[in-house]
Amino acid sequence: MRIAVVGATGMVGNVMLKSLAERNFPLTELIPVASEKSVGKKVEFKGKEYTIVGLQDAVDMQPDIALFSAGGSTSLEWAPKFAAVGTTVVDNSSAWRMDATKKLIVPEINADILTKEDKIIANPNCSTIQMVMALAPLHKKYQIKRLVISTYQSITGTGVKAVQQLENEYKGEKGEMAYHYPIHKNAIPHCDVFEENGYTKEEMKLVRETQKILNDNTIAVTATAVRIPVVGGHSECVNIEFENEFDVSEIRKLLSETPGVTVQDNLDTNTYPMPIYAHGKDDVFVGRIRRDLSQPNTLNMWIVSDNLRKGAATNTIQIAEYLIEHNLCPSTTLS
Ligand code: 2RA
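What counts, and at which threshold
Residues numbered from 1 in each chain as written. Predicted model: local features only at pLDDT ≥ 70, side-chain atom pairs only at ≥ 80, totals over all residues. Heavy atoms only, no water. UniProt positions renumbered as here; feature names shortened; annotations may be inferred. Helix = DSSP H or I, 4+ residues; strand = E, 2+ residues; numbered from the N terminus. Rg over C-alpha atoms; globule rule 2.2 N^0.38 Å. Buried < 20%, exposed > 50% of the residue type's maximum accessible area, 1.4 Å probe, protein only. Contact = heavy atoms within 4.5 Å. Near = heavy atom within 4 Å. Polar contact = N/O pair within 3.5 Å; in protein donor to acceptor, adjacent residues only side chain to side chain. Areas by Shrake-Rupley, 256 points an atom, 1.4 Å probe, with all protein chains shown as cover. Nonpolar A, V, L, I, M, F, W, Y, C, P; charged D, E, K, R; others polar. Pairing = 2+ DSSP bridges. Axes fitted to C-alpha atoms, helices over the stretch in contact; angles between N-to-C directions. Disulfide = S-S within 2.5 Å. Parallel < 35°, antiparallel > 145°, perpendicular 65-115°, else oblique. Left-handed = near helix turned anticlockwise from the far one by under 90°.

- As annotated in an unreviewed UniProt entry, the protein is Aspartate-semialdehyde dehydrogenase from Aureibaculum marinum.
- Of the comments in the UniProt record for the protein, the one headed Function (unreviewed entry) reads "Catalyzes the NADPH-dependent formation of L-aspartate-semialdehyde (L-ASA) by the reductive dephosphorylation of L-aspartyl-4-phosphate."

## Observations concerning the overall build of the protein
Item 1. When you go through the protein residue by residue, the secondary structure sums to 10 helices and 14 strands.
Item 2. For the protein, the C-alpha radius of gyration of 20 Å lies close to 20 Å, the compact-globule estimate for 335 residues.
Item 3. Its C-alpha atoms give the protein principal-axis dimensions of about 65 × 50 × 40 Å.
Item 4. Residue burial in the protein is summarised as follows: out of 335 residues, 53% are buried.

## Structural notes on the UniProt feature "domain: Semialdehyde dehydrogenase NAD-binding" (unreviewed entry) in the protein
Item 1. Sequence positions flagged by UniProt for "domain: Semialdehyde dehydrogenase NAD-binding" (unreviewed entry) are, in local numbering, residues 2-117.
Item 2. Secondary structure across residues 2-117 comprises 30% helix and 24% strand; the distance between its end C-alpha atoms is 19 Å.

## Description of helix H6 (residues 160-170)
Residue pairs three or four apart in sequence face the same way in an α-helix, which turns once every 3.6 residues.
Item 1. Among the residues making up H6, those that are buried are Ala162, Val163, Gln165, Leu166, Asn168 and Glu169.
Item 2. The secondary structure elements touched by the buried residues of H6 are helix H1 (11-22).
Item 3. One or two residues past the end of H6 sits Gly172, with phi positive at roughly 75 degrees.

## Description of the site of the ligand
Item 1. Near the ligand you find Asn125, Cys126, Gln153, Gly157, Thr158, Glu202, Arg227 and His234, and these make up its full shell.
Item 2. Contact distances for the ligand include 2.7 Å between a nitrogen atom and a side-chain N or O atom of Glu202.
Item 3. Arg227 places a side-chain nitrogen or oxygen 2.6 Å from an oxygen atom of the ligand.
Item 4. Protein contact buries 76% of the 230 Å² of open area that the ligand shows by itself.
Item 5. The class makeup of the residues in the shell around the ligand is 1 nonpolar, 5 polar and 2 charged.

## So, the sheet that holds strand E7 (residues 103-104)
Note on sheets: strands pair through backbone hydrogen bonds, and any given pair is parallel or antiparallel.
Item 1. One open sheet holds the 6 strands; their spatial order is E2-E1-E5-E6-E8-E7, and the pairing between them is parallel. Two strands close off the open sheet at either side, each with one partner strand: strand E2 (29-33) and E7.
Item 2. Relative to strand E6 (residues 88-91), strand E5 (residues 65-68) runs parallel, the two sharing 4 bridges. Bridge pairing links Ile65 to Thr88 in E6.
Item 3. Sheet contacts for H1: strand E1 (2-6), E2 and E5; angle to E1, the most-contacted strand, approximately 150 degrees.
Item 4. Its contacts with the sheet place helix H10 (residues 309-325) against E5, E6 and strand E8 (120-122), and it is angled at close to 165 degrees to E5.

## Description of the state of the cysteines
Item 1. The full count for this structure, using the stated rule, is 0 disulfides.
Item 2. Cys237 forms no disulfide, and the closest cysteine sulfur to it belongs to Cys191, at a distance of 15 Å.

## Concerning the UniProt feature "active site" (unreviewed entry) in the protein
Item 1. Mapped onto this numbering, the UniProt entry annotates "active site" (unreviewed entry) at Cys126 and His234. These annotated residues cover 109 residues of sequence, but their C-alpha atoms sit close together, with the largest distance between any two at 8.1 Å.
Item 2. When you line up the elements, Cys126 lands in helix H5 (residues 126-142).
Item 3. Residue contacts for Cys126: discarding those within four places in its chain leaves His234, Asn307 and Gly311.
Item 4. Structurally, His234 is set in strand E11 (residues 234-242).
Item 5. If we skip the residues at most four places from it in the chain, His234 touches Cys126, Ser127, Gln130, Tyr152, Gln153, Ser154, Gly157, Arg227, Ile303, Val304, Ser305 and Asn307.

## Topic: the packing of H1 against H10
Item 1. Interaxial distance between H1 and H10 falls to 9 Å at its minimum, and their mutual angle equals 50 degrees. Our classification of the angle between H1 and H10 gives oblique. When the axes of H1 and H10 are compared, the crossing they make is right-handed. Across the interface between the two elements, Val12, Val15, Met16, Lys18, Ser19, Leu20 and Glu22 of H1 pack against Arg309, Ala312, Ala313, Thr314, Thr316 and Ile317 of H10.
Item 2. Here the contact of H1 with H10 is built from residues that sort into 7 nonpolar, 3 polar and 3 charged.

This is the structure:
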């Protein structure tokens, strides 16, 4: 299995390489791909050095699967070129997510809709993935009517420039700004750009992607996405109104039995999820599970996960694993 990692030098690309090694992914050849300025540089994978190649060379090598995390414009231009030579692309950008002809996949929820014809597959936004991982089993059992979401997002979701900005501000030094404002000792209610409706793209991703992944446009969703100076992962406060009555202990049990979800919820021991402890882990952590006392059939919960792992790299790799396990990406053959 010849695997390309497109965006191999970026934050998500680096976590992809780490996760591929940790999971002992069944690859026979690794093709690290990056922009022209990185071509020829080396990346290390499982103790071996690999030389970074450019996009056209990678297409010509006809990888079986290409794991993309290189931004929307690169994906829009190059994913079709990889697909044209038989490569199956799993893309982390938002470029294809809402395309009606493309599938938006969280393997534990909807990988079963994938077929051999899917040559460009969209990986959802990190804040969506961690949320639907917890919501999917609840939706199935109690039918979600409305979601009110507040996110507290790691600066790693913005990238290296944001991490550097926080480090500079922490040390009292000047430097390049990733945000309009200081992020140290601050909270910025502005992730991505604003749309006409007064919501940011990040907030509307939570609306649109959730409905697509759960395959239910009747779910009403509203969100506020906030950037905070943490690096371990995204946190989300989610208020969930169900169509049907529920029992909180039943919900806790259902979540604890959900693959990829870990319940951390014990007030006697001050046990609840936090990004500092979610960092570097693949699971989605859920806690502060409690009935909303202000209205019937409604629940509050707190969801935390490492946005670079399950929120991006690991989910992408799990999609690739599913494709291989279900023989949905026949090996390309070098001409
Ligand atoms: C963010 N989810 O956190 C977006 C993109 N990674 O900025």
